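# Commentary on secondary and tertiary structure
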Amino acid sequence: MSNNGPVHILLVEDELNIARGLMFNLEEEGYRVTHVEDGQSALDRLASNSWALVILDLSLPGMDGLEVVRAIREADQRLPVLILTARTGEADRLKGLSMGADDYMTKPFSLDEFLLRVQGMLRRSRWYRPEPVEGEIYRFGSNHIDLEEGKAWTAEGEMKLTDLEVRMLRIFFEQEGKVLSRPELLQRVWGVSPETETRTLDNFIVRLRRYFEPDPSHPIHFLTVRGRGYRFHSQGTEEGS
Ligand code: CA
């Protein structure tokens, strides 16, 4: 994230009344907004510019919003994506989140809440995008982790991380605060289909807790979100566990 000039947001919305209202209010907040009306235009813009956030309507003419999310994630693992949807179906929402959207709002929504979400997402992405000077070094609790070197310094001392551990930690760090479903973690860390190997994932989380949690039996960083998956918090919280 650059500190030069206003934060640039891409808004993908085919309903012009909604788009105008959102643009007006985002610009009032000091953001710079580019509006496009369909998925293909969004992907073209994404390729040719640097963005802080994408706000994406799900039902679009032509390419579906979910396909757009998938394409964005293939190109950029970290760019925050906020889904707007009139669809009330749980399935679509979950699909959007599992494809890598960071948050969603169901229309109609309150403008105040919308602006708060945008602000929160931008703040989180600023915190967790590694700064160039720091490379891939992350700190939480009493841990200090260098993903590039594959090393960690914990309360127990220095340790070497395996490739799988690095991959898993990177996913957690980049999507801090987001619930990562078990299928998504299995797919992204091991590349296996979600139906298999779920024990492996659970054992793996147990291992991370043993390394990095002050009290592994009462985790505050690597949380279980019952029925949904896992979530990482650098600050330490028992919320949702
Ligand atoms: Ca629409």
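Owing to the predicted nature of the structure, the values given are computational and were not obtained by experimental measurement.

### Some remarks on the coordination of the calcium ion
Surrounding the calcium ion are the protein donor atoms Asp14 (OD), Asp57 (OD) and Ser59 (O), which sit 2.1 to 2.4 Å from the metal. In primary-sequence terms, the residues that donate to the calcium ion follow D-x42-D-x1-S. Owing to a relative accessible area of 0%, Asp57 belongs among the buried residues under this scheme.

### A word on the packing of helix α6 (residues 163-174) against helix α7 (residues 182-190)
Following both chains from N to C, one finds α6 and α7 inclined at 135°, their axes separated by 9 Å at the closest point. On the basis of their axis angle, the class for α6 and α7 is oblique. Here the hand of the crossing between α6 and α7 comes out right-handed. Listed contacts from α7 to Leu164, Arg167, Met168, Ile171 and Phe172 of α6 are Leu185, Arg188, Val189 and Trp190.

### Points about the nonpolar core
Judged by nonpolar contacts, the single largest core of 25 residues is most densely connected at Ile145, Met168, Leu169, Phe172 and Phe212. Sorting the residues of this core by element identifies β6 (137-140), α6, α7, α8 (198-212) and β12 (229-232) as the ones contributing at least two each.

### Things to note about helix α2 (residues 39-48)
Within the span of α2, buried status applies to Gly39, Ala42, Leu43 and Leu46. The arc enclosing the buried residues of α2, seen along the axis, measures out at 95°, which places them on a common side. The secondary structure elements touched by the buried residues of α2 are β1 (8-12), β2 (32-36), β3 (53-57) and α3 (65-75). At the N-terminal boundary of α2, the capping side chain belongs to Asp38, with an oxygen 3.1 Å from the backbone nitrogen of Gln40.

### Overview of the pattern of salt bridges
Applying the stated criterion across every chain, the model contains eleven salt bridges. The salt bridge partner of Asp103 is Arg117, with a shortest N-O separation of 3.1 Å. In this pair, Asp103 is assigned in strand β5 (residues 103-106) and Arg117 in helix α5 (residues 111-128), connecting sequence segments 14 residues apart. On the basis of relative accessibility, which here comes to 24%, the residue Arg117 falls in the partly exposed class. Glu158 is the partner of Lys151 in a salt bridge, and the nearest nitrogen-oxygen pair spans 3.7 Å. Classification of Lys151 by relative accessible area gives partly exposed; the value is 28%.

### Overview of unusual backbone geometry
The omega torsion across Lys107 and Pro108 is -5°, close enough to zero to call that bond cis. Tracing the backbone shows Pro108 in the loop between β5 and α5.

### A few points about the sheet that holds β6
What links the strands of a sheet is backbone hydrogen bonding, and the strands pair in either a parallel or an antiparallel sense. The strand order across the open sheet built from four strands is β6-β7-β8-β9, with neighbouring strands paired in antiparallel fashion. Two strands close off the open sheet at either side, each with one partner strand: β6 and β9 (157-160). Taken pair by pair, the neighbouring strands of this sheet meet at an average axis angle of 15°, ignoring direction. Taken together, the four bridges between β6 and strand β7 (residues 143-146) define a ladder with antiparallel strand orientation. Note that in β7 the partner of Arg139 across the bridge is His144.

### Quick look at the packing of aromatic side chains
All chains considered together, the criterion is met by twelve aromatic pairs. Pairing Phe140 with Phe212 gives two aromatic rings, centres 5.9 Å apart and planes at 65°, and the pair type is edge-to-face. Taken together, the positions of Phe140 in strand β6 and Phe212 in helix α8 put the pair 72 residues apart, joining distant regions of the chain. You'll find Phe140 and Phe212 in the same group, each marked buried. Taken together, a centroid distance of 6.3 Å and an interplanar angle of 35° make the contact between Phe212 and Phe222 tilted.

### Observations regarding the pairing of strand β11 (residues 222-225)
Relative to β12, β11 runs antiparallel, the two sharing four bridges. Residue Val225 lies in a different strand from β12, and its bridge partner there is Gly229. Once β11 ends, the chain turns through three residues before running back antiparallel as β12, passing Gly227 with a positive phi of about 75°.

Procedures and definitions
- Residues numbered from 1 in each chain as written.
- Predicted model: local features only at pLDDT ≥ 70, side-chain atom pairs only at ≥ 80, totals over all residues.
- Heavy atoms only, no water.
- Donors = N, O, S within 2.8 Å, 3.2 Å for Na, K, Ca; no water.
- Buried < 20%, exposed > 50% of the residue type's maximum accessible area, 1.4 Å probe, protein only.
- Axes fitted to C-alpha atoms, helices over the stretch in contact; angles between N-to-C directions.
- Helix = DSSP H or I, 4+ residues; strand = E, 2+ residues; numbered from the N terminus.
- Parallel < 35°, antiparallel > 145°, perpendicular 65-115°, else oblique.
- Left-handed = near helix turned anticlockwise from the far one by under 90°.
- Contact = heavy atoms within 4.5 Å.
- Core = buried A, V, L, I, M, F, W, Y, C linked by side-chain atoms within 4.5 Å.
- Arc of directions from axis to C-beta.
- Polar contact = N/O pair within 3.5 Å; in protein donor to acceptor, adjacent residues only side chain to side chain.
- Salt bridge = Lys/Arg side-chain N within 4 Å of Asp/Glu carboxyl O.
- Pairing = 2+ DSSP bridges.
- Phe/Tyr/Trp six-rings, centres within 6.5 Å; stacked < 30°, edge-to-face > 60°.

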